[in-house]
Amino acid sequence: MLRLVHTRLVSHVTTPLRIPTTATAASPSRLLQLPFHHGLSHHISSSTPNDSSSLTVHFLKKSCGLSSEAALSAANKIHLKTTKNPRSVLTLLEHFGFSKPDITRIVTKRPQLLLASPDHTLKPKLDFYQSIGLSGADLARLLSGIPGLLLWSLAKRLLPNFNLLKTILHSNENVVLAVKKCPRLLTSDLPNVLLPKIESLRDYGMPASVIFTLLITHPKSLVKAADQFENTFNAIKGMGVSPSTSMFAHALGVFSRLPKSTMEKKLENYLSLGWSQEQLLGAFAKHPYCMTASDEKVRRNMEFFAEKLKWGPAYVSAYPVVLSLSFEKRIVPRCLVLEMLASKGLVKGDVKARHLMMGEKKFIENYVIKYEGEVPEIVDAMGGNKLGLGGWEKRSLGVDGYEHLDST
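About the thresholds
Residues numbered from 1 in each chain as written. Predicted model: local features only at pLDDT ≥ 70, side-chain atom pairs only at ≥ 80, totals over all residues. Heavy atoms only, no water. Helix = DSSP H or I, 4+ residues; strand = E, 2+ residues; numbered from the N terminus. Buried < 20%, exposed > 50% of the residue type's maximum accessible area, 1.4 Å probe, protein only. Contact = heavy atoms within 4.5 Å. Areas by Shrake-Rupley, 256 points an atom, 1.4 Å probe, with all protein chains shown as cover. Polar contact = N/O pair within 3.5 Å; in protein donor to acceptor, adjacent residues only side chain to side chain. Axes fitted to C-alpha atoms, helices over the stretch in contact; angles between N-to-C directions. Parallel < 35°, antiparallel > 145°, perpendicular 65-115°, else oblique. Nonpolar A, V, L, I, M, F, W, Y, C, P; charged D, E, K, R; others polar. Salt bridge = Lys/Arg side-chain N within 4 Å of Asp/Glu carboxyl O. Phe/Tyr/Trp six-rings, centres within 6.5 Å; stacked < 30°, edge-to-face > 60°. Lys NZ or Arg CZ within 6 Å of the ring centre and 35° of its normal. Arc of directions from axis to C-beta. Left-handed = near helix turned anticlockwise from the far one by under 90°.

Asks: Please provide a residue-by-residue account of the overall build of the protein chain, values included.
Replies: Scanning the protein chain from N- to C-terminus turns up 23 helices and zero strands. For the protein chain, the residues scored as buried account for 49% of the 408 residues in total. Summarising the internal contacts of the protein chain: among those between residues at least 6 apart in sequence, 75% fall at separations of at least 24. Working note: accessible area of the protein chain is about 19,600 Å², and carbon and sulfur atoms make up 52% of it.

Asks: Give me the side chain of Arg157: which residues, what numbers.
Replies: Here Arg157 shows up in helix α8 (residues 154-169). Of note is the side chain of Arg157, whose polar atom sits 2.4 Å from the backbone oxygen of Thr187.

Asks: Let's hear about the packing of helix α9 (residues 172-181) against helix α13 (residues 208-217): which residues, and what values?
Replies: For the pair α9 and α13, the least separation of the axes is 7 Å and the interaxial angle reads 50°. What the angle tells us is that α9 and α13 run oblique. Residues Asn174, Leu177, Ala178 and Lys181 of α9 pack against Phe212, Leu215, Ile216 and Thr217 of α13. For the contact of α9 with α13, the per-class residue count stands at five nonpolar, two polar and one charged.

Asks: Describe the pattern of salt bridges, and please don't skip the residues or the numbers.
Replies: Summed over all chains, the structure comprises seven salt bridges. Ionic pairing is found between Lys180 and Asp138, a salt bridge with its closest N-O pair at 3.2 Å. Taken as a pair, Lys180 in helix α9 and Asp138 in helix α7 (residues 136-145) lie far apart in primary sequence, 42 residues in all. Note on Lys180: relative accessible area 41%, which makes it partly exposed. Look at Asp138 and you get partly exposed, because its relative accessible area is 28%. Salt-bridge contacts for Arg330 lead to Glu360; the nearest nitrogen and oxygen are separated by 4.0 Å. Within this pair, whereas Arg330 is found in helix α20 (residues 327-343), its partner Glu360 is found in helix α22 (residues 360-369), the two being separated by 30 residues in sequence. Residue class for Arg330 comes out buried when judged on its relative accessible area of 19%. Overall, the relative accessible area of 37% leaves Glu360 in the partly exposed class.

Asks: Break down the packing of aromatic side chains for me, citing the residues and quoting the values.
Replies: The full count for this structure, using the stated rule, is 12 aromatic pairs. Geometrically, the ring pair formed by Phe305 and Trp311 is tilted, given 5.0 Å between the ring centres and 40° between the ring planes. Site record: aromatic cluster; members linked through ring pairs are Tyr204, Phe229, Phe233 and Phe248. A cation over a ring is seen here: Lys197 above Phe229, with NZ or CZ 5.9 Å from the ring centre. Directly above the ring of Phe363 sits Arg334, whose terminal nitrogen or CZ lies 4.4 Å from the centroid.

Asks: I'd love a proper account of α22, names of residues and values included.
Replies: One turn of an α-helix holds 3.6 residues; hence residues three or four places apart share an orientation. Within α22, burial applies to Phe363, Tyr367 and Val368. Burial along α22 is one-sided: seen end-on, the buried residues are contained in an arc of 85°. Those residues of α22 that are exposed and angled more than 90 degrees off the buried face are Lys361 and Ile369. Looking at the buried residues of α22, the elements they touch are α20, α21 (353-357) and α23 (377-382).

Asks: So what about the packing of helix α14 (residues 226-238) against helix α15 (residues 246-257)? Which residues, and what values?
Replies: One can describe the packing of α14 onto α15 by two numbers: an axis separation of 10 Å at closest approach and a directional angle of 130°. Between α14 and α15, the interaxial angle falls into the category oblique. Classified by chirality, the crossing of α15 by α14 is right-handed. Across from Phe229, Thr232, Phe233, Ala235, Ile236 and Lys237 in α14, the residues of α15 making contact are Phe248, Ala251, Leu252, Phe255 and Ser256. Tallied by class, residues from the contact of α14 with α15 come to eight nonpolar, two polar and one charged.

In structure tokens, the structure reads:
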């Protein structure tokens, strides 16, 4: 059974997708072999050793905040004969809002940047990132995570890639959203890596709006190797998900980021809970994120649905969004509220998936504010205060309502 499901999910192909052959990719822009430094500007004491290696380690530790071990490692990559340029780099980073921990991370990962020209190499790129809407904490988070973004040519790679992305995403804000999720969008050879995939998606009937969704929500899927992308695309298409819907974008994005071993483990978990192959495929097509929920979360939610709501795989697979909902913050509080109201005769019928999927504001208006005068305890129930929540599996469950859940 597992092999059959995996075959359908991973290998089922109707018409193979072929990425158009492009002209030979241009050579990657030559990277500047320059270093990047972290730390608040500090003065080296008069007792600083003259030896280049000792000076380097001393500066990295005292001015950049590196540990002894990290400083020794970084000193194998750079040798400071003077601290004048490194101090200027630190001052520049401070000016752009980088904190001491930010700079420490940058220098640890890319100490060579301490030797870069602050005015000619670093500042133009920092100005560029700031001009497109990356500044303050966002900029510091991006560059401390991937300091190599300061090494690429602004004229030959960063700016052309940004302009290309903007033609697809229409605004600086949208480009920044995509770049935060996949910084490689700024450094990859987009004409040969991204555009052929987009052309193929268009040829298969994917409208611009769905391509937009894919690039905003799952940009990494579009910079993977062509053969990986092709396999993923064909697998999703083989499941019957229409390329004309945004769900195709989410399915492709989710599928592309799950390793085969992880996917197999998740499939096995669902099957062990009584799901059929068809139910699993149908649920994925409706809500791909059911495959990103942890095995523990899926198991706990399914146990609760079966024992308390009498929902089986057939019902849950029709509304797979409920598998992604928070057990503590959404599922139990809402079920408790509805149970209290039903016991007073204020609402009729059983709890349905729509009750759990309803927006927070609408649920509160329809079931809490509307009835809090008659059943004031539902306010506490909605906030989980009556349950303490957490550890549901350790509680004593009554078959006739959530009021039997222990508060300890």
